[in-house]
Amino acid sequence: MSDQEQQAITRSELVESLAEQFPQLLPRDVELAVKTLLDTMTQALAEGKRIELRGVGSFVLHHRPARAGRNPKSGEKVLIPEKRVPHFKPGKELRERVDYQAHKAKGSSGA
């Protein structure tokens, strides 16, 4: 499957999927839990903290220094300010599970 064929799961689809898996929870409670988790992770990264989820991976900030760029329309030099960007590094267990699922899917579609 190419990158263009892959589809992203949206936040609302994630909430819907979790609500289906856990029918004892109200959808609004699942939505609140997902929102709280993502807000907490965002805040931690904004504070420069590292987030480590065992078996999943870690989120860290990478620093991009200021640099000179060019305006593509005019060719004029532009200063691009420094910034911090989040980076996700998958853990070993996640990489292995994704790779296993990919091989499993290839094996079943090829036969």
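Whatever comes next refers back to the structure up there.
Values in this document were obtained by computation on a predicted structure and should not be read as measured data.

Enquirer: Provide a residue-level description of the packing of helix α1 (residues 11–21) against helix α2 (residues 27–46), including the pertinent values.
Expert: Orientation of α1 relative to α2, taken along the N-to-C sense of each, is 130 degrees, at an axis distance of 9 Å. Between α1 and α2, the interaxial angle falls into the category oblique. Crossing of α1 against α2: the hand is right-handed. Residues R11, L14, V15, L18 and A19 of α1 lie in contact with α2, whose contacting residues are P27, V30, E31, V34, K35 and L38. For the contact of α1 with α2, the per-class residue count stands at 8 nonpolar, no polar and 3 charged.

Enquirer: So, the pattern of salt bridges: which residues are in play, and what are the values?
Expert: One pass over the full model with this rule turns up 5 salt bridges. One salt bridge connects K49 with E47, and the closest N-O pair in it is separated by 3.2 Å. Residue classification places K49 among the partly exposed residues on the basis of a relative accessible area of 46%. Judged by its relative accessible area of 45%, E47 falls in the partly exposed class. E52 is paired through a salt bridge with R54; the nearest N and O atoms lie 2.9 Å apart. When salt bridges that share partners are traced, they join R50, E52 and R54 into one network.

Enquirer: I'd like to hear about the packing of aromatic side chains, residue by residue, with values.
Expert: Working definition: an aromatic ring pair is given by the centre-to-centre distance plus the angle between the planes. Tallying each qualifying case throughout the model produces 1 aromatic pair. An angle of 45 degrees between the planes, with centres 4.8 Å apart, marks the rings of F59 and F88 as tilted. Of this pair, F59 sits in strand β2 (residues 57–64) while F88 sits in strand β5 (residues 83–90), and the two are 29 residues apart along the sequence. Taking relative accessible area as the criterion, F59 reaches 22% and is therefore assigned partly exposed.

Enquirer: Just give me the short version of α2, but keep the residues and values in it.
Expert: Relative to the 28 Å expected for 20 residues at 1.5 Å per residue, α2 spans 28 Å between its end C-alpha atoms, a close match to the ideal helical length. Every buried residue of α2 is listed here: V30, V34, M41, A44 and L45. Looking down the long axis of α2, one finds its buried residues gathered within 105 degrees of arc, a one-sided arrangement. Turned more than 90 degrees from where α2 packs its buried face, R28, L32 and T42 sit exposed. Packing partners of the buried residues in α2 comprise α1, β1 (51–53), β2 and β5.

Enquirer: I'd love a proper account of the sheet that holds β2, names of residues and values included.
Expert: On the basis of which strands lie adjacent, the open sheet formed by 3 strands has the order β1-β2-β5 and antiparallel pairing. The open sheet has two edge strands with one neighbour each: β1 and β5. Put simply, the sheet's adjacent strands are angled 25 degrees from each other on average, direction ignored.

About the thresholds
- Residues numbered from 1 in each chain as written.
- Predicted model: local features only at pLDDT ≥ 70, side-chain atom pairs only at ≥ 80, totals over all residues.
- Heavy atoms only, no water.
- Axes fitted to C-alpha atoms, helices over the stretch in contact; angles between N-to-C directions.
- Helix = DSSP H or I, 4+ residues; strand = E, 2+ residues; numbered from the N terminus.
- Parallel < 35°, antiparallel > 145°, perpendicular 65-115°, else oblique.
- Left-handed = near helix turned anticlockwise from the far one by under 90°.
- Contact = heavy atoms within 4.5 Å.
- Nonpolar A, V, L, I, M, F, W, Y, C, P; charged D, E, K, R; others polar.
- Salt bridge = Lys/Arg side-chain N within 4 Å of Asp/Glu carboxyl O.
- Buried < 20%, exposed > 50% of the residue type's maximum accessible area, 1.4 Å probe, protein only.
- Phe/Tyr/Trp six-rings, centres within 6.5 Å; stacked < 30°, edge-to-face > 60°.
- Expected span 1.5 Å × (residues − 1).
- Arc of directions from axis to C-beta.
- Pairing = 2+ DSSP bridges.

Keep in mind these numbers describe shape, not what the thing actually does.
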